[in-house]
Amino acid sequence: MTSALRTEQLTKRYGRRTALDRCTLDVPAGHVVGLVGPNGAGKSTLLQLACGLLDPTAGRIETLGERPASGSPRVGFVAQDTPVYGGLTVAEHLRLGAHLNPSWDATLAERRIAQVGLDPAQRAGKLSGGQRAQLALTVAAAKRPELLLLDEPVAALDPLARRTFLQGLMELTAESGMSVIMSSHLVADLERVCDHMIVLVGSRVQIAGDVDEMLAGHHRLVGPRRPVGEGSGWDVIEESHTDVQSTLVVRSTAPIDDPSWQVNRLDLEDIVLAYMAGAAGGAGRERVLEGQR
Amino acid sequence: MIEFHLDARSGVAPYMQLIQQVRHALRLGVLREGDKLPTVKEVVARLAINPNTVSKAYRELEYEGLVTARPGVGTFVTKTLGSLSTHEPLRASLQDWLAGAREAGLDNESIEALFLSTFRSFSEART
């Protein structure tokens, strides 16, 4: 099975600023992948490299087994500010899409426009944020791409528009089986829809993998204060200590059987925050985990 | 046809919540043999969740022998689960046990902790 996205030591610099630093990833096709990280972590850069709008400074990137080429019919991209042409009507957007894309699915486009209640005669400039996002998604999906890249698609939407957008996106995904990679700085937006996650902090991939495995493999340990032994069979992601107590967030595939620790579950947001805090602490560099299938 | 819902705060994985809701509907008799489950597309369009989550839940239910997928037609219930009447005697003996624990001086928190730790080691030993 080909990978939706594969990178090897991928690096992108803008002048002296490094936006992406030696990222190695392998994301299998057929998943909905969340790309999370704080603002400025390199999420947009990675997506733009993946759709061929940018060229890497060093390293390799492949989407669907090919070098990214801008305008490829196999890859769809919706940029951050849900780009639509303000002066064109909804119907004109669909005609333009049909004209520019040989693989255009007019039935799908018209059905979706009707389903989300857009007036074909309405100018895009007059649409609400949620309606503009739905229009941009419809245009991208009607291309029938095998991989759809979305940069912060719901960041600017109110909660109802956000839910409606994600419902539409998941329906399209179920129908077509396309792979999706979407970025967000809010984990809560991605929790339900993504089965795969890439955590990007400070230009580097902190962890990437299956969401269920990620949830099962991370624990919060609370216990009497102790020095942290490296040989305890787990990776410490984040730690904090008071004079009597130690609290750790660890990654371990084996169950924690030391009874002096109280072991708690973490949700996805806790895990992502722990990686962010760990990376910000400076020691994160040594704990960078390889992207894995 | 049943309708699924998700509890984001429960700490239970979404696919497991779907499985539990089907089992629950089977126990209550809301779902019977031959009934159709909503399609993957219908579930994701309603809940805004990942299609793979729904497929995973349906696969698991199929593995348990509770449903069968007929390609192009849908997923159908093939088995009903034991009725609630079998719960009653068990509930009564659990109530007796709880009364005994209270008499022995355990408070609610201790009872819950004791139950959970025993339940965990019991189910780990059985799997």
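The name given to chain B in an unreviewed UniProt entry is GntR family transcriptional regulator, with the source organism recorded as Actinoplanes cyaneus.

As named in an unreviewed UniProt entry, chain A is ABC transporter ATP-binding protein, taken from Actinoplanes cyaneus.

For the rest of this paragraph, the subject is the pairing of strand β8 (residues 196-201) of chain A. Residues and elements named next belong to chain A. The buried fraction of β8 amounts to six of the six residues, a majority that puts the element mostly inside the structure. Burial along β8 is two-sided: the face carrying His 196, Ile 198 and Leu 200 and the face carrying Met 197, Val 199 and Val 201 are both buried. Pairing analysis gives four bridges linking strand β3 (residues 32-36) to β8, with the strands arranged parallel. Across the sheet, the residue bridging to Val 36 is Val 199, located in β8. Adjacent in sequence and paired antiparallel, β8 and strand β9 (residues 204-210) are bridged by two residues, among which Gly 202 carries a positive phi angle near 55°.

Once that is clear, we can look at the UniProt feature "domain: ABC transporter" (unreviewed entry) in chain A. The UniProt entry lists residues 5-227 of chain A under the feature "domain: ABC transporter" (unreviewed entry), expressed in the numbering used here. Here residues 5-227 of chain A runs as 32% helix and 30% strand, with 40 Å between its end C-alpha atoms.

A few words on the packing of helix α2 (residues 40-47) of chain B against helix α3 (residues 51-63) of chain B. A pair of packed helices is captured by two measures, namely the crossing angle of their axes and the spacing between those axes. All names here are of chain B. Where α2 contacts α3, the axes come no closer than 9 Å and their chain directions differ by 130°. Our classification of the angle between α2 and α3 gives oblique. Classified by chirality, the crossing of α3 by α2 is right-handed. Across from Val 40, Val 43 and Val 44 in α2, the residues of α3 making contact are Pro 51, Val 54 and Ser 55. Per-class residue counts for the contact of α2 with α3 are five nonpolar, one polar and no charged.

Moving on, we get to the domain arrangement of chain A. Residues and elements named next belong to chain A. Each assigned domain of chain A is listed here: domain 1 (3-202) and domain 2 (212-287). Computed from C-alpha atoms alone, the centre-to-centre distance between domain 1 and domain 2 is 33 Å. Every contact between the two is made by nine residues of domain 1 and, on the other side, seven residues of domain 2. Breaking the side of domain 1 that touches domain 2 down by element, the ones donating at least two residues are α6 (187-190) and β8. Residue contributions to the side of domain 1 that touches domain 2 peak at three residues, all from β8.

Below, the discussion takes up the packing of helix α2 (residues 90-100) of chain A against helix α4 (residues 129-142) of chain A. Residues and elements named next belong to chain A. Across the interface, α2 lies against α4 with an axial gap of 10 Å and an inter-helix angle of 20°. Relative to α4, the element α2 lies roughly parallel. Handedness of the crossing formed by α2 with α4: right-handed. Note on element contacts: α4 touches α2 through Leu 135, Val 139 and Ala 142, opposite Val 90, His 93 and Gly 97. Tallied by class, the residues present in the contact of α2 with α4 amount to four nonpolar, two polar and no charged.

Turning our eyes to something else, we now look at the nonpolar core. Ranked by internal contacts, the top residues of the largest apolar core, which has 101 residues, are Leu149(A) and Tyr275(A). Per element, the largest residue contribution to this core is eight residues, and it comes from α4(A).

One frequently used descriptor of interface size is the decrease in accessible area upon assembly of the parts. In this assembly, 18 residues from chain A lie in contact with 14 residues from chain B. Looking at the side of chain A that touches chain B, the elements that each hand over two or more residues are α5 (159-176) and α7 (211-217) of chain A. Among the elements that make up the side of chain A that touches chain B, the one with the highest residue count is α5(A) (eight residues). When grouped by side-chain class, the residues that make up the side of chain A that touches chain B number seven nonpolar, three polar and eight charged.

What follows is about unusual backbone geometry. Residue and element names in this part refer to chain A. Phi is positive for Leu 64, close to 50°, though the residue is something other than glycine. As for its placement among the helices and strands, Leu 64 is situated in the loop between β4 (58-63) and β5 (75-78). The exposure class of Leu 64 is partly exposed, given the 18 C-beta atoms found within 10 Å. For Arg 144, which is not glycine, the phi dihedral falls at a positive 60°. Within the secondary structure layout, Arg 144 lies in the loop between α4 and β6 (147-150).

The rules behind the values
Residues numbered from 1 in each chain as written. Chains lettered and ligands numbered in written order. Predicted model: local features only at pLDDT ≥ 70, side-chain atom pairs only at ≥ 80, totals over all residues. Buried ≥ 20, exposed ≤ 12 C-beta atoms within 10 Å, placed from the backbone. Helix = DSSP H or I, 4+ residues; strand = E, 2+ residues; numbered from the N terminus. Pairing = 2+ DSSP bridges. UniProt positions renumbered as here; feature names shortened; annotations may be inferred. Axes fitted to C-alpha atoms, helices over the stretch in contact; angles between N-to-C directions. Parallel < 35°, antiparallel > 145°, perpendicular 65-115°, else oblique. Left-handed = near helix turned anticlockwise from the far one by under 90°. Contact = placed C-beta atoms within 7 Å. Nonpolar A, V, L, I, M, F, W, Y, C, P; charged D, E, K, R; others polar. Domains from an automatic or database assignment. Core = buried A, V, L, I, M, F, W, Y, C linked by C-beta atoms within 7 Å.

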